[in-house]
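Structural description and commentary
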Amino acid sequence: GAVVSQHPSRVICKSGTSVKIECRSLDFQATTMFWYRQFPKKSLMLMATSNEGSKATYEQGVEKDKFLINHASLTLSTLTVTSAHPEDSSFYICSARDPRTPAEQYFGPGTRLTVT
Amino acid sequence: DAKTTQPTSMDCAEGRAANLPCNHSTISGNEYVYWYRQIHSQGPQYIIHGLKNNETNEMASLIITEDRKSSTLILPHATLRDTAVYYCIVLSSGGSNYKLTFGKGTLLTVNP
């Protein structure tokens, strides 16, 4: 199946700083990517839908000014957690749809963010 | 999207078939049944999906009841690496977003 990568896999940052997470589709072009957050022992929660060349669509309750999403190319979407706080510590996962198999979503390996 | 109900956890012996049930009694006519799984600390992985007919691929089989109110994911010969949380999701593929809503899933533990 298609491959999606994320970078970094783990990051530790201090409270108040910003962190950028990258999501790349390696062997296909993705017009739509999705960002999820997962707290320990909980299920994935969709944060936003990232559309190439346009603004992201955020789910209810997700602050768009805190979680900045940029989808500047067909193979890259970035999520920036601004002014991070300890409660933002979580597992962040992206996914992408391959237009060749639109019914399937391919997930990245996730990024573990720890805010101290 | 319709909601699904899955058992919280299941156990299976290595080498045996694992049958994971899912109830989706409010599924509508244009909604597909999708299965994904998530191995600990990894991103989810697509397994299979179907609308009405039973489906089979290299990973699993999906059996959907005639009234489409429930389905069963079958892993024919479970291995230790199949230990994961399995998510059953119903989704309309008529929309452009294909937004997945993950429930709590079933933790399948494959025992040696």
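Here, the structure is the one placed above.
A short tour of the structure in this document, coming up. (Residues numbered from 1 in each chain as written. Chains lettered and ligands numbered in written order. Predicted model: local features only at pLDDT ≥ 70, side-chain atom pairs only at ≥ 80, totals over all residues. Heavy atoms only, no water.)

This part covers the overall build of chain A. The helix and strand tally for chain A stands at zero helices and 11 strands. Starting at the N terminus and ending at the C terminus, chain A contains elements arranged as β-β-β-β-β-β-β-β-β-β-β. Scaling as 2.2 N^0.38, a compact globule of 116 residues should have a C-alpha radius of gyration of about 13 Å, and chain A matches this with 13 Å. Each principal axis of the C-alpha distribution contributes one length, and for chain A these read about 40 × 25 × 20 Å. Within chain A, buried positions represent 52% of all 116 residues. Contacts in chain A between residues far apart in sequence, at least 24 positions, make up 54% of those at least 6 positions apart. Total accessible area on chain A is roughly 5,700 Å²; 52% of this is exposed by carbon and sulfur atoms. (Helix = DSSP H or I, 4+ residues; strand = E, 2+ residues; numbered from the N terminus. Rg over C-alpha atoms; globule rule 2.2 N^0.38 Å. Buried < 20%, exposed > 50% of the residue type's maximum accessible area, 1.4 Å probe, protein only. Contact = heavy atoms within 4.5 Å. Areas by Shrake-Rupley, 256 points an atom, 1.4 Å probe, with all protein chains shown as cover.)

A separate point is the nonpolar core. In this structure, Val4, Trp35, Phe67, Leu79, Tyr92 and Leu113 of chain A are the most contacted members of the largest nonpolar core, which totals 26 residues. Only strand S2 (10–13), strand S3 (19–25), strand S4 (32–38), strand S5 (45–51), strand S7 (67–73), strand S8 (76–81), strand S9 (90–97) and strand S11 (111–115) of chain A provide two or more residues apiece to this core. Leave out the neighbours within four places in its chain, and Phe67 of chain A touches Arg37, Met47, Tyr58, Val62, Leu79, Thr80, Val81, Asp88 and Tyr92 of chain A. Listed in part, the 21 residues of the second largest apolar core include Ala18, Trp35, Leu108 and Val110 of chain B. (Core = buried A, V, L, I, M, F, W, Y, C linked by side-chain atoms within 4.5 Å.)

What follows deals with the pattern of salt bridges. Tallied over the entire structure, the rule returns five salt bridges over all chains. The closest approach of N and O atoms between Lys99 of chain B and Glu59 of chain A, which form a salt bridge, is 2.9 Å. Here Glu59 of chain A lies in the loop between strand S6 (57–58) and S7 and Lys99 of chain B lies in the loop between strand S8 (84–92) and strand S9 (106–111), a pairing that spans two chains. Its relative accessible area of 22% is what places Glu59 of chain A among the partly exposed residues. With its nearest N and O atoms 2.6 Å apart, the salt bridge here joins Arg100 of chain A to Asp98 of chain A. What makes Asp98 of chain A buried here is its relative accessible area of 5%. (Salt bridge = Lys/Arg side-chain N within 4 Å of Asp/Glu carboxyl O.)

Residue and element names in this part refer to chain A. Among the seven residues in S4, seven count as buried, and that is most of the element. Here S4 shows two buried faces, one formed by Thr32, Phe34, Tyr36 and Gln38 and the other by Met33, Trp35 and Arg37. Of the pairings in the sheet, the one linking S4 to S5 comprises six bridges and is antiparallel in character. The partner of Tyr36 across the bridge, within S5, is Leu46. Counted along the chain from S4 to the antiparallel partner S5, the turn is six residues long, and its residue Lys41 has a positive phi close to 65 degrees. Taken together, the six bridges between S4 and S9 define a ladder with antiparallel strand orientation. Paired with Arg37 across the bridge in S9 is Tyr92. (Pairing = 2+ DSSP bridges.)

Looking now at the interface of chain A and chain B. Interface size is commonly expressed as the accessible surface area that is lost when the partners come together. Between chain A and chain B, the residue contacts involve 19 residues of the former and 17 residues of the latter. Across the chain A/chain B interface, buried area totals approximately 1,500 Å², and carbon plus sulfur atoms make up 53% of it. In this structure, the connection of chain A to chain B is made through one salt bridge. At the surface where chain A touches chain B, the tally comes to five residue pairs in polar contact (both at pLDDT 80 or more). For the side of chain A that touches chain B, the secondary structure elements donating two or more residues are S4, S5, S9 and strand S10 (105–107) of chain A. (Buried area = accessible area lost by both parts, 1.4 Å probe. Polar contact = N/O pair within 3.5 Å; in protein donor to acceptor, adjacent residues only side chain to side chain.)

Taken as a whole, the largest pocket holds about 630 Å³ of empty space. Around the largest pocket, the lining comprises 21 residues; the ones closest to its centre are Gln38, Lys41 and Lys42 of chain A together with His40 and Val85 of chain B. For the lining of the largest pocket, the elements supplying multiple residues, two or more each, are S8 and S9 of chain B. Among the elements that line the lining of the largest pocket, the one with the most residues is S8 of chain B, at three residues. Looking at the lining of the largest pocket residue by residue, the class counts come to eight nonpolar, nine polar and four charged. (1 Å grid on protein atoms, 1.4 Å probe; cavity = no way out; pocket = protein on both sides within 12 Å on 5 of 7 lines; lining within 4 Å. Points joined across faces, edges and corners; volume = space filled by probe spheres on them. Nonpolar A, V, L, I, M, F, W, Y, C, P; charged D, E, K, R; others polar.)

Function cannot be read off these values alone, since they describe shape.
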